[in-house]
Amino acid sequence: MSGAVRRILAADIGGTSSRFALFEVDASAKLRQIARVWLETKLATSFAELLRQVTEKEPSFSPQKVDISVFAVAGPVEGGVYCRPPNIPWEVDLRRAEADYGAKHFRLINDFVAQAWACRSPVGDAAQEILPNQLAEDQLVAVLGAGTGLGKAFLVPFATSSGRRQYLALPSEGGHETFPVQSAAEFRFFEFLQQSRGLLYPTYDDVVSGRGIAAVHEFLTGEKLAPAEVMKSCLPDSPTISWAARFYGRVCRNFALESLCFGGLFIAGGVAVKNPQLVTSAAFRDEFLAARTPQHQQLLSRIGIRLMSEEESGLWGAAFCGLISLEADHVQ
């Protein structure tokens, strides 16, 4: 891509927070964030209202004033234009994006597709080593992370006809799979979730998330606290933190076995970013490596794990997706 500086509007719309940022791309295809706005998702009554709130704070964030808008949303995306997020009480409908919002050039992607792209961005390069194995550039990358829910995605490398390595980011709704329990105590926790939360079956979303940590703490102590209060009040060696770290390690182990991600397993999401002890603890590591056979233990020991400690990694991933789209348009 050459010529004038281009601008990308990036958005990471989650069940709790909606983050927006304006990025510039120079002639060398380097991303630079120049402004940002954070909003509470629940304070908007619709996607249109959310955009109105953003542009009131920063008029330059209008989709009409940028070269491409990339909206990453916490939910399954249909046809690249529609999403009905499970943890947000309104839909994102871009079938009339230009008429409704002035967006001539846009992408609507799953929020963890954005996190997958973030692995290729500067925040991926700066990720903290959790298990410091070498990452193979020609192998699949997996990314997951817990916040309001649990997200998963893949980044698949492939070679073009010219031999250039490129990547394809693929979504997943694996956060809604049934959570696996492994002991009598964990089965009692499973029943506690069914009875106290009215769940048919607890999922990863219900266990490895902010509300999941609060549920673990309530089950173990009888104390009802908000997720942030739980993390603030619990010592690193407390039963609550040990259980939560073990559950996070189990989710990562299962995803690593499903994906064989020798390109790396990246952890994102507010839960681990704000509470890194959940993934740096011995409880996490021991659970991650606890495969049933020596062969699978050895396989897991070869997978490098990284924590994307930048809380705005989703914004950087959305911006990187926009950069890839602009470069593809330039080639065409």
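You'll find the structure just up there.
K.L.:
What should I look at first to understand the pattern of salt bridges in this one?
P.N.:
As a working rule, side chains carrying opposite charge can pair if their charged atoms are close by. Inspection of every chain in the model, using the stated rule, returns 18 salt bridges. One salt bridge in this structure joins D100 and R96, with 3.2 Å as the shortest N-O distance. Accessibility expressed as a relative area gives 39% for D100, which makes it partly exposed. Linking E218 and R197 is a salt bridge whose minimum nitrogen-to-oxygen distance equals 3.1 Å. A residue pair is termed long-range when its members are at least 10 positions apart, and E218 in helix α7 (residues 210-221) and R197 in helix α5 (residues 184-197) qualify at 21 residues. Where salt bridges share partners, they join E186, R246, R250, R253 and E287 into one cluster.

K.L.:
Can you help me understand the sheet that holds strand β5 (residues 77-78) in this one?
P.N.:
Working definition: the strands of a sheet are paired by backbone hydrogen bonds and lie parallel or antiparallel to each other. Spatially, the three strands line up as an open sheet ordered β5-β6-β7, and their pairing is antiparallel. Single-partner strands in this sheet number two, and they are β5 and β7 (92-93). Across two bridges, β5 lies against strand β6 (residues 82-83) in antiparallel orientation. Residue pairing for β6: E78 is matched across the bridge by Y82.

K.L.:
Whenever I open this one, the environment of M308 confuses me. Can you help?
P.N.:
Following the sequence through the fold, M308 ends up in the loop between β14 (305-307) and α14 (313-331). You can call M308 buried: its relative accessible area is 0%. As for M308 and T55, which are separated by 253 residues in sequence, their C-alpha atoms are 29 Å apart. Setting aside anything within four residues of it in sequence, one finds M308 in contact with Q115, A118, C119, V123, G124, A127, V143, F266, I267, A268, V273 and S313.

K.L.:
Just checking my understanding: could you explain the sheet that holds strand β12 (residues 165-172) for this structure?
P.N.:
Across the sheet, six strands lie side by side as β9-β14-β13-β10-β11-β12; this open sheet has mixed pairing. The sheet terminates laterally at β9 (128-131) and β12, the two strands that pair on one side only. In this sheet, neighbouring strand axes are inclined to one another by 25° on average, regardless of whether the strands run parallel or antiparallel. In the sheet, strand β11 (residues 150-159) pairs with β12 via eight bridges, with the strands oriented antiparallel.

K.L.:
Explain the side chain of T203 here, please?
P.N.:
Residue placement: T203 occurs in the loop between α5 and α6 (204-207). Residue classification places T203 among the buried residues on the basis of a relative accessible area of 9%. Sequence-distant contacts of T203, defined by excluding residues within four places in its chain, comprise G175, H176, E177, T178 and F179.

K.L.:
Can you help me understand helix α9 (residues 239-259) in this one?
P.N.:
Because the α-helix completes a turn every 3.6 residues, residues three or four places apart line up on one side. For α9, built from 21 residues, the straight-helix expectation of 30 Å at 1.5 Å per residue is met to within 8% by its first-to-last C-alpha distance of 30 Å. The buried fraction of α9 amounts to 16 of the 21 residues, a majority that puts the element mostly inside the structure. Just downstream of α9 lies L260, where phi reads positive at about 50°.

K.L.:
What is the right way to read the packing of α5 against α7 from this model?
P.N.:
Each pair of packed helices gets described by two things: the angle between the helix axes and the distance between those axes. The geometry of α5 relative to α7 is characterised by a closest axis approach of 10 Å and an angle of 110° between their N-to-C directions. As far as their axial angle goes, α7 and α5 are roughly perpendicular. Here α5 contributes A185, R188, F189, F192, L193 and R197 to the contact with α7, which in turn contributes A215, V216, E218 and F219. Considering only residue class, the contact of α5 with α7 consists of seven nonpolar, no polar and three charged.

K.L.:
What is the right way to read a nonpolar patch on the surface from this model?
P.N.:
A surface patch of nonpolar side chains, about 250 Å² in accessible area, is lined by F158, L168 and L170. On the secondary structure map, F158 appears in strand β11. Looking at F158, the relative accessible area reads 38%, which means it is partly exposed.

K.L.:
Help me out: how do you make sense of the packing of aromatic side chains in this one?
P.N.:
Each aromatic ring pair is characterised by the separation of its centres together with the angle its planes make. Applying the stated rule across the entire model yields 16 aromatic pairs. Relative to F247, the ring of F189 lies with its centre 5.9 Å away and its plane at 20°, an arrangement referred to as stacked. Linking F189 in helix α5 with F247 in helix α9, this pair joins segments that are 58 residues apart in sequence. Residues F189 and F247 agree in their burial class; the two are buried. Pairing W243 with F247 gives two aromatic rings, centres 5.7 Å apart and planes at 80°, and the pair type is edge-to-face. Placement of both W243 and F247 in helix α9 is noted, with a separation of four residues, approximately one turn of the helix. Here F247 falls in the buried class, since its relative accessible area comes to 1%. Just above the ring of W38 sits the side chain of R19; from NZ or CZ to the centre is 4.2 Å. Over the ring of Y204 we find K152, and its NZ or CZ is 4.6 Å from the ring centre.

The rules behind these values
Residue positions are counted from 1 within each chain, in the order its sequence is given. Local features in this predicted model are restricted to residues of pLDDT 70 or higher, and side-chain atom pairs are both shown and tallied only at a pLDDT of 80 or more, whereas totals for entire chains, interfaces and linings draw on every residue. In computing side-chain properties, one takes all heavy atoms of the structure into account and sets aside hydrogens as well as water. We define a salt bridge as a side-chain nitrogen of Lys or Arg found within 4 Å of a carboxyl oxygen belonging to Asp or Glu. The buried label goes to any residue with under 20% of its type's maximum accessible area, the exposed label to any with over 50%, and the partly exposed label to all in between, with areas taken from a 1.4 Å probe on protein chains only. Under the scheme used here, helices are H or I runs from DSSP no shorter than 4 residues and strands are E runs no shorter than 2 residues, and both carry numbers assigned from the N terminus. When DSSP locates at least two bridges between a pair of strands, those strands are taken to pair. In what follows, a contact means two residues having at least one pair of non-hydrogen atoms within 4.5 Å. Orientation is described by lines fitted to C-alpha atoms, with helices fitted over the stretch in contact, and by angles between N-to-C directions that extend from 0 to 180 degrees. Expected helix span is computed as 1.5 Å times (number of residues minus one). Should an angle fall under 35 degrees it is called roughly parallel, over 145 degrees roughly antiparallel, and 65 to 115 degrees roughly perpendicular, with every other angle called oblique. Residue type decides the class: Asp, Glu, Lys and Arg count as charged, Ala, Val, Leu, Ile, Met, Phe, Trp, Tyr, Cys and Pro as nonpolar, and the leftover types, Gly among them, as polar. Two joining distances apply to patches: 9 Å for like charges and 5 Å for nonpolar side chains (Val, Leu, Ile, Met, Phe, Trp, Tyr), and every residue must have over 30% relative accessible area and no salt bridge. Each accessible area value is a Shrake-Rupley result obtained with a 1.4 Å probe; residue values ignore everything except the protein chains displayed when judging cover. Pairing of aromatic rings covers Phe, Tyr and Trp, the last through its six-membered ring, and needs centres within 6.5 Å; plane angles under 30 degrees mean stacked, over 60 mean edge-to-face, and all others mean tilted. A positively charged side chain is recorded as over a ring if its NZ (Lys) or CZ (Arg) lies within 6 Å of the ring centre. The angle to the ring normal must also be within 35 degrees.

So yeah, pure geometry; function would need other evidence.
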